[in-house]
Amino acid sequence: MGKFFRTIFLVDLFQGLWVTFRNQNPKNIYTEQYPAERPKVAERYRGAPRLNINPDNGETLCIACNLCALACPENLIVVGSERNEQTRRKELTTFTYDLSRCMFCGLCEDACPVDALELTQDFELASYTREGWIWDRQMLEEGPKPTPYKC
Amino acid sequence: MPETTFLDSTELVLNMGPQHPSTHGVLRVILKLDGEKVIGTECVIGYLHRGVEKIGENRTYQQFAPYVDRMDYVAAVSNGLGYCLAVEKLLNIEAPPRAQVTRVILTELNRIASHLLWLGTHALDIGAITPVFYCFREREEVLKIFENYCGARLTTHAFRVGGLQYELYDGFEQQVKAFCDMFLPKVDEYEELLTNNRIWVARLKGVGILTGDECKEFGVTGPVLRAAGVKWDLRKAQPYSGYEQYDFDVPTGENGDTYDRYIVRMQEMRQSVRIIRQAVDRIPAGPIGKTPKVIKPATGEVYVSIEAPKGELGYFVVSDNSTQPYRMRVRPPSFVNLQALDRMVRGGLVADVVAIIGTLDIVLGEVDR
Amino acid sequence: MADEQNAEGSAPPPASGGVSEPPKQKDAPKPAAAKPPAHAAPKPPPPMAATAWEGELPNQLKERFGDQLTACSSYLGQNFAVVQPEAVIPVLEFLKLEADFDYLVDITAVDYPNRAERFDLVYILYSFRRNERVRIKTMITDAAQPRSAVPVHTGANWLEREVFDMFGIQFAGHPDMRRILLPEEWQGFPLRKEMSIIQQDNRWVRENLGIESGQ
């Protein structure tokens, strides 16, 4: 009998429609207006890589130990170094990071003993060319500069 | 010239996919039809084959961990858990309790995310468009927790061999609890939309029946097996990562049709919430484990499997006492489950094929690896 | 136990690498690695420290299959039996019908190119009633055509096709022995050890994709 009434009065239809209408409330809107409204990514977000420099003297923190290159599953990091004869230490000369192959697993930043290499919160990494994804030392130190969106 | 009759019914071969929206990826099914009836199928797979097993042989144990996330990319955390457990078994170590409880929470959240994605897309295939938006909205909350915890939303790389990489962030418990409180009424809401919906019931009841014996014959596991009435869940049968401490039920169906699979998955989401609630309250203090700097297991081989959202996900790892696995075999649940597709659609209508593929919950990244 | 032998057929080190080891990473490889330090020449890795698998089931298997059963071993609490290639299907049948191992979890192979019997063929079985897993292992040569397990477990169909696809092991009596993941015309079997990770069938890529392979 109950089933009959449900069928006659389309109860399940109205039940479903009521759910839909409940969710129409403007305060439930989830859409992010992306370029106009910048999403806030998490603190631990793994995005664009950065080579940190010492803020006091502007020198790189990297000690050219090559651990990141060894840790990388895709072998996309190339660290170039040469030995400074005066201080008897290895010094970083070049650093290449191929972002087109990077899967942002974070193993390189885990491996870094001096927190020089870091995956930052920058997420706008698009490039017009494939070469644009192969970042050199300068690019890694300065970080990406996405074109700001004009409303 | 042969005499043709009106309404001549010859066999028709219909190509479904690989670019078909309801094959959930790049699956190609060649359907042999007699009118509306399916009289045979053949699956063509491999479009997403990336050679994960070969990659595994050429990476160190630590380096391979991010790749497993990319097999079943909607349940990356489960994949990572299975991999870590397999290597830990090979090393004969165990993650510390704090790491284990965290793993359980994240894996169950991932199960919810995976089931939500399944529910949304499956409903979309059947023709109900509303649930997909709601499901993605709630899934977003899970992904936010993942992002806060480990920095990535989808291919998380959350766990490491031997424990965790990241300590829990401040407010993790509150966020997870808030999600649980928010989520349970939402499941009721989906059920309001679908469970008694007559189109939904008409499309799903009695479609694609796979009995328990047939499931065992094909090796089908996961919600498909449980919907057929077999109360088997690896979390109960062979508990790993401390699942024996939690109180939860294994929902089962009766008929093994697509409707039962839907019901089982809805119940599983509720049970996952139940597990998460218990786990959040008992996160012990202590270390989160440390990845060994060099992972070099003794010569040997292990097979370790977990209950992934799709079914039994197993890793068969052979070590030759070096830092790289000698052989890394992944037993993908989707691949094995897809094999039963032919049995389920044969004799049914062509429109049901979509419902059956949807209800198998395959992810082609895992089928092809 | 008489057949306390591992897959490689050499004498195992004393049963110390088994389950009873304290859960510490360093301890597991010790029995073998504690010997002289490694020199420049690559030393063959120490064999698997497997212990004997004892219980009712291995005794039944021994009684039933006798010589065809090479070893019943256990490693880290996981049991496996090594059998002669021709005994695989009878063993699977016996386990299914009389010991309730009704769920074939996986079939896979491992390539050892330097061994006379080149491939390890591994069948992983599970019993719902016993809640127990066993592995059946066999060693086959490159040219061997093991019998297909499809008559026993229907689910073996795709798994065997994948083994064929990746290793080139032909299963005799398989209903549909074709490649499954790779294209039909692909040359070579990628999971064999002689295939390097970046190697691919350049001819196929050129003909079907119209590009020069990047490798």
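Just so we're clear, the structure is a prediction, and the values are computed from it rather than from any experiment.

**A look at the overall build of chain B**
At step 1: For chain B, the count of helices and strands is 15 helices and 8 strands.
At step 2: Referenced to the eigenvectors of the C-alpha coordinate spread, the extents of chain B come out at roughly 80 × 50 × 35 Å.
At step 3: Each of the 369 residues in chain B was classed as buried or not, and the buried ones make up 58%.
At step 4: Nonlocal contacts in chain B, meaning residues at least 24 apart in sequence, comprise 71% of its contacts between residues at least 6 apart.

**Some words on the interface of chain B and chain A**
At step 1: Taken together, the contact between chain B and chain A spans 23 residues of the former and 18 residues of the latter.
At step 2: Ranked by residue count, the leading element in the side of chain B that touches chain A is helix 5 (residues 130–150) of chain B, at 7 residues.
At step 3: The residue inventory of the side of chain B that touches chain A, partitioned by class, reads 6 nonpolar, 10 polar and 7 charged.

**Some remarks on the arrangement of the chains**
At step 1: With 2 pairs of chains in contact, the largest contact count belongs to chains B and C.
At step 2: Considering only C-alpha positions, the minimal separation of the non-contacting chain A and chain C is 12 Å.

**Observations concerning unusual backbone geometry**
Residues apart from glycine generally show negative phi values, whereas peptide bonds are mostly found in trans.
Residues and elements named next belong to chain A.
At step 1: Non-glycine residue Asn66 carries a positive phi angle of around 70 degrees.
At step 2: For Asn66, the position within the fold is in the loop between strand 1 (49–51) and helix 3 (67–71).
At step 3: Positive phi values are uncommon outside glycine, yet Asn75 reaches one of about 50 degrees.
At step 4: Considering the arrangement of structural elements, one finds Asn75 in the loop between helix 3 and strand 2 (77–84).
At step 5: The exposure class assigned to Asn75 is exposed, which follows from the 11 C-beta atoms found within 10 Å.

**Considering the packing of helix 3 (residues 76–91) of chain B against helix 4 (residues 97–126) of chain B**
How two helices pack is summed up by the angle between their axes together with the distance between the axes.
Residues and elements named next belong to chain B.
At step 1: Their axes nearest at 8 Å, the elements helix 3 and helix 4 cross at an angle of 140 degrees. If you check the angle between helix 3 and helix 4, you find them oblique. Residue-level contacts link Val77, Ser78 and Leu81 of helix 3 to Arg103, Leu106, Thr107 and Asn110 of helix 4.
At step 2: Of the residues in the contact of helix 3 with helix 4, the class split is 3 nonpolar, 3 polar and 1 charged.

**Overview of the interface of chain B and chain C**
At step 1: Tallying the contact residues gives 42 residues for chain B and 39 residues for chain C.
At step 2: Those elements that provide at least two residues to the side of chain B that touches chain C are helix 1 (52–57), helix 3, helix 8 (212–218), strand 6 (300–308), strand 7 (311–319), strand 8 (325–331) and helix 12 (333–338) of chain B.
At step 3: Per-class residue counts for the side of chain B that touches chain C are 16 nonpolar, 12 polar and 14 charged.

**Some words on the sheet that holds strand 8 of chain B**
Residue and element names in this part refer to chain B.
At step 1: In spatial order, the strands read 6-7-8; together these 3 strands make up an open sheet with antiparallel pairing. Only two strands of the sheet have a single partner each, and these edge strands are strand 6 and strand 8. Pairs of neighbouring strands in the sheet enclose a mean axial angle of 15 degrees, with direction left out of account.
At step 2: Here strand 6 pairs with strand 7 via 9 bridges, running antiparallel. Pairing of Val304 across the sheet is with Tyr315, part of strand 7.
At step 3: In the packing of helix 3 onto the sheet, the strands contacted are strand 6 and strand 7, and the crossing angle to strand 6 comes to about 150 degrees.

**A look at the confidence of the model for chain A**
At step 1: Across chain A, the average pLDDT comes to 83, with 99% of residues at 70 or higher.
At step 2: Helix 1 (residues 2–8) of chain A is the least confidently modelled element of chain A, averaging 73 in pLDDT, while strand 5 (residues 134–135) of chain A averages 88, the highest of any element.

**What to know about the confidence of the model for chain B**
At step 1: Averaged over all residues, the pLDDT of chain B equals 87, while 98% of them reach at least 70.
At step 2: Model confidence for the complex is summarised by a pTM of 0.84, with the ipTM given as 0.84.

**Details of the sheet that holds strand 3 (residues 37–44) of chain B**
All names here are of chain B.
At step 1: Read from one edge to the other, the open sheet built from 3 strands follows the order 1-2-3, with strand pairing classed as antiparallel. Looking at strand neighbours, the two that pair on one side only are strand 1 (11–16) and strand 3, the edges of this open sheet. The sheet shows a mean angle of 20 degrees between the axes of neighbouring strands, taken without regard to direction.
At step 2: Sheet topology places strand 1 next to strand 2 (residues 28–34); 6 bridges connect them, and they run antiparallel. From the neighbouring strand, Glu11 faces strand 2, where its bridge partner is Asp34.
At step 3: Those strands touched by helix 14 (residues 350–360) are strand 1, strand 2 and strand 3, and its axis lies near 150 degrees from that of strand 2.

**Quick look at the environment of Phe136 of chain B**
Residues and elements named next belong to chain B.
At step 1: Structurally, Phe136 can be placed in helix 5.
At step 2: Judged by the 15 C-beta atoms lying within 10 Å of it, Phe136 falls in the partly exposed class.
At step 3: Remark: the alpha-carbon pair of Phe136 and Val13, spanning 123 residues in sequence, is separated by 35 Å.

What counts, and where the lines are drawn
Residues numbered from 1 in each chain as written. Chains lettered and ligands numbered in written order. Predicted model: local features only at pLDDT ≥ 70, side-chain atom pairs only at ≥ 80, totals over all residues. Helix = DSSP H or I, 4+ residues; strand = E, 2+ residues; numbered from the N terminus. Buried ≥ 20, exposed ≤ 12 C-beta atoms within 10 Å, placed from the backbone. Contact = placed C-beta atoms within 7 Å. Nonpolar A, V, L, I, M, F, W, Y, C, P; charged D, E, K, R; others polar. Axes fitted to C-alpha atoms, helices over the stretch in contact; angles between N-to-C directions. Parallel < 35°, antiparallel > 145°, perpendicular 65-115°, else oblique. Pairing = 2+ DSSP bridges. pLDDT = per-residue confidence, 0-100.

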